[in-house]
Amino acid sequence: MLKGFRDFILRGNVIDLAVAVIIGAAFTAIVTALVTDIITPLISAIVGKPDFSYLILTVNGGKVQYGLFLNAVISFVLMAGVVYFFLVVPINYLLARVKGPAAVTEKTCGECLSEIPLTAKRCKFCAQPVA
């Protein structure tokens, strides 16, 4: 039983997952700090309020705190934007530069403008001969 547990723990994907969780937690702290310490104060300087928690709707004596919901939505959108623009876009740019341009595998039929393989002698859509 212990040998099976040892084999399970030492499998590559378990270690990779553990590393990913640790790096993810560290990256979450960085993104949270960027959003709460830099981006949110800039937005509050424009709007004039630090957040929307003061927005409350009273219905039959009950409080609907939709301002807190707006804060959560804005925080999510800001974090998603930070992750996209500061992580996804630069990584995609670097990967595109490393890989280089994609190889062309198709050409356009002159008759029907369909995409066909480079080695095709006839268009598979309109049966016209292609050069």
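Everything below is about the structure shown above.
Let us look at the structure shown here. Please read all numbers here as calculations on a predicted model, not as lab measurements. (Residues numbered from 1 in each chain as written. Predicted model: local features only at pLDDT ≥ 70, side-chain atom pairs only at ≥ 80, totals over all residues. Heavy atoms only, no water.)

By size, the foremost hydrophobic cluster in this structure holds 5 residues: Cys109, Ile116, Ala120, Cys123 and Val130. Residues contacting Cys109, with those up to four places away along its chain left out, are Ser114, Ile116, Cys123, Cys126 and Val130. (Core = buried A, V, L, I, M, F, W, Y, C linked by side-chain atoms within 4.5 Å. Buried < 20%, exposed > 50% of the residue type's maximum accessible area, 1.4 Å probe, protein only. Contact = heavy atoms within 4.5 Å.)

The next point concerns helix H3 (residues 66–99). Taking 1.5 Å per residue as the helical rise, H3 with its 34 residues ought to reach 50 Å, and the 47 Å between its terminal C-alpha atoms agrees with that figure. Tyr84 marks where H3 bends most, by close to 30°. Those residues of H3 that sit buried are Gly67, Leu78 and Val82. Positive backbone phi, at 85°, marks Gly100, one or two positions downstream of H3. (Helix = DSSP H or I, 4+ residues; strand = E, 2+ residues; numbered from the N terminus. Expected span 1.5 Å × (residues − 1). Bend = angle between axes of the 7 residues up to and from the residue.)

Here the focus is the environment of Leu87. Assignment of secondary structure puts Leu87 in helix H3. Apart from residues no more than four positions distant in its own chain, Leu87 is found in contact with Phe27 and Val82.

Tracing the sequence through the fold places Ser114 in the loop between strand S3 (106–108) and strand S4 (115–117). Discounting residues that sit within four places of it in the chain, Ser114 has contacts with Lys107, Thr108, Cys109 and Phe125.

Before going further, it helps to examine the packing of aromatic side chains. Taken as a whole and assessed by the stated rule, the structure comprises 1 aromatic pair. Relative to Phe85, the ring of Tyr84 has its centre 5.0 Å away and its plane inclined at 80°; by these criteria the two rings are edge-to-face. You can call Tyr84 partly exposed: its relative accessible area is 43%. (Phe/Tyr/Trp six-rings, centres within 6.5 Å; stacked < 30°, edge-to-face > 60°.)

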